[in-house]
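Per-entry structural report
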Amino acid sequence: MRLDKYLKVSRIIKRRTIAKEIADQDRVQINGRPAKSSTQVAIGDEVEILFGNKKMRIRVEDLRDTTKKKEAEGMYSILSEEFIEG
């Protein structure tokens, strides 16, 4: 599954266009490597996302094409979340 679609379906990011922009600005890494919006995501991958003043690391637990809000939380587990002062 494409990274931008995964971020939207899992509801980490609300819109796919925003997920695409963030990934294409080199603000996402998969397993320590920079990732573009078209990069494929697999179960077990660790994804690090930089949102403005927040850095979030998650592990991909499930891949689905569509989900309900309750199911979306089961698609990933949060490994770390930190706020960056700047």
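Values in this document were obtained by computation on a predicted structure and should not be read as measured data.

1. Quick notes on a positive patch on the surface
Side chains of Lys8, Arg11, Lys14, Arg15 and Lys69 sit close together on the surface and give a patch of like positive charge. As for its placement among the helices and strands, arginine 15 is situated in the loop between helix 1 (3-9) and helix 2 (16-24).

2. Let's talk about the sheet that holds strand 1 (residues 28-30)
If you walk across this open sheet you meet the five strands as 2-1-3-4-5, and the pairing is antiparallel. Single-partner strands in this sheet number two, and they are strand 2 (33-34) and strand 5 (76-83). In this structure, strand 1 lies alongside strand 3 (residues 46-51), joined through three bridges in antiparallel fashion. The residue bridging isoleucine 30 from the neighbouring strand is valine 47, located in strand 3.

3. Section: the side chain of aspartate 4
On the secondary structure map, aspartate 4 appears in helix 1. You can call aspartate 4 buried: its relative accessible area is 3%. Polar contacts involving the side chain of aspartate 4 include one to the side chain of arginine 16, which spans 3.4 Å. Excluding residues that lie within four positions of it along the chain, aspartate 4 makes contacts with Arg16, Ala19, Lys20 and Ser37.

4. Let's talk about the environment of alanine 23
Tracing the chain through its elements places alanine 23 in helix 2. Under the relative-accessibility criterion, alanine 23 is labelled buried at 0%. Along the chain, alanine 23 and isoleucine 49 lie 26 residues apart, while their C-alpha atoms are 8.4 Å from each other. Not counting residues within four places of it along the chain, the set of residues in contact with alanine 23 comprises Leu3, Val28, Ala35, Lys36 and Ser37.

So, how was this worked out
- Residues numbered from 1 in each chain as written.
- Predicted model: local features only at pLDDT ≥ 70, side-chain atom pairs only at ≥ 80, totals over all residues.
- Heavy atoms only, no water.
- Patch = residues over 30% accessible without salt bridge, like charges linked within 9 Å, V, L, I, M, F, W, Y side chains within 5 Å.
- Areas by Shrake-Rupley, 256 points an atom, 1.4 Å probe, with all protein chains shown as cover.
- Salt bridge = Lys/Arg side-chain N within 4 Å of Asp/Glu carboxyl O.
- Lys, Arg positive; Asp, Glu negative; His and termini not counted.
- Charge placed at Lys NZ, Arg CZ, Asp CG, Glu CD.
- Helix = DSSP H or I, 4+ residues; strand = E, 2+ residues; numbered from the N terminus.
- Pairing = 2+ DSSP bridges.
- Buried < 20%, exposed > 50% of the residue type's maximum accessible area, 1.4 Å probe, protein only.
- Polar contact = N/O pair within 3.5 Å; in protein donor to acceptor, adjacent residues only side chain to side chain.
- Contact = heavy atoms within 4.5 Å.

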